[in-house]
Amino acid sequence: MARSGDKLLVAAAALLLGTSGAAAEDARVNTIQEIFQHLRTCWKPPAVAKARPIDITVVVSFNRDGNILGHPRISYESAEASDDDRLQYRIAVMEALQRCTPMPFTDAMAGAAAGRPFAIQFRNRKSSPPTQERRA
């Protein structure tokens, strides 16, 4: 016969399993905007000690299962970036893609996204505030 502590443990495990299943369902990617949001959660830019902050854009496609299709391609890097900055950021982008794939597409989004290229911007520079002209 099961002790009451064991019953409580089983009930807690069932509750946790039920909750994690709902959370996993909520985390499914169903829109193009959610693709970008999902990738942002995986982005970890290099430490400032390793590379100066730059902006970088990667073009990537996914298959229906959410895996990367072909090879991601860097299409933009900040012009003032050094070769070392570029290398560090390219590594960080590829690590973000590895952390985020396979992309958890819903069935509808899997069909819509499969094979289409997405240009994903990873912005890490703080933009300067617009200058205002003063008139005398």
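Residues numbered from 1 in each chain as written. Predicted model: local features only at pLDDT ≥ 70, side-chain atom pairs only at ≥ 80, totals over all residues. Heavy atoms only, no water.

Another aspect to go through is the confidence of the model for the protein chain. Averaged over the protein chain, the pLDDT score is 81; the fraction of residues at 70 or greater is 72%. Within the protein chain, no element has a lower average pLDDT than helix 1 (residues 4-26), which sits at 40, and none a higher one than strand 1 (residues 56-62), at 97. Scored below 50 in pLDDT, residues 4-25 shows 1 contact in the model against residues more than four places distant or in partner chains. For residues 128-134, every residue scores under 50 in pLDDT, and the model assigns this stretch 0 contacts once sequence neighbours within four places are set aside. (pLDDT = per-residue confidence, 0-100. Helix = DSSP H or I, 4+ residues; strand = E, 2+ residues; numbered from the N terminus. Contact = heavy atoms within 4.5 Å.)

Let's shift gears to the side chain of Ser 61. With respect to the helices, strands and loops of the structure, Ser 61 is situated in strand 1. Apart from the residues lying within four places of it in its own chain, the contact partners of Ser 61 are Asn 67, Ile 68, Leu 69, Gly 115, Arg 116 and Pro 117.

Attention now goes to the packing of aromatic side chains. Counted according to the given criterion, the structure contains 5 aromatic pairs. Judged by centre distance (4.5 Å) and plane angle (35°), the ring pair of Trp 43 and Phe 122 falls under tilted. Separated by 79 residues along the polypeptide, Trp 43 in the loop between helix 2 (32-42) and strand 1 and Phe 122 in strand 3 (residues 117-122) bring together distant segments of the chain. Across the pair, Phe 122 and Trp 43 agree in class, each one buried. Both rings, one in Phe 62 and one in Phe 105, keep their centres 5.9 Å apart while their planes meet at 80°; by these two values the pair is edge-to-face. (Phe/Tyr/Trp six-rings, centres within 6.5 Å; stacked < 30°, edge-to-face > 60°. Buried < 20%, exposed > 50% of the residue type's maximum accessible area, 1.4 Å probe, protein only.)

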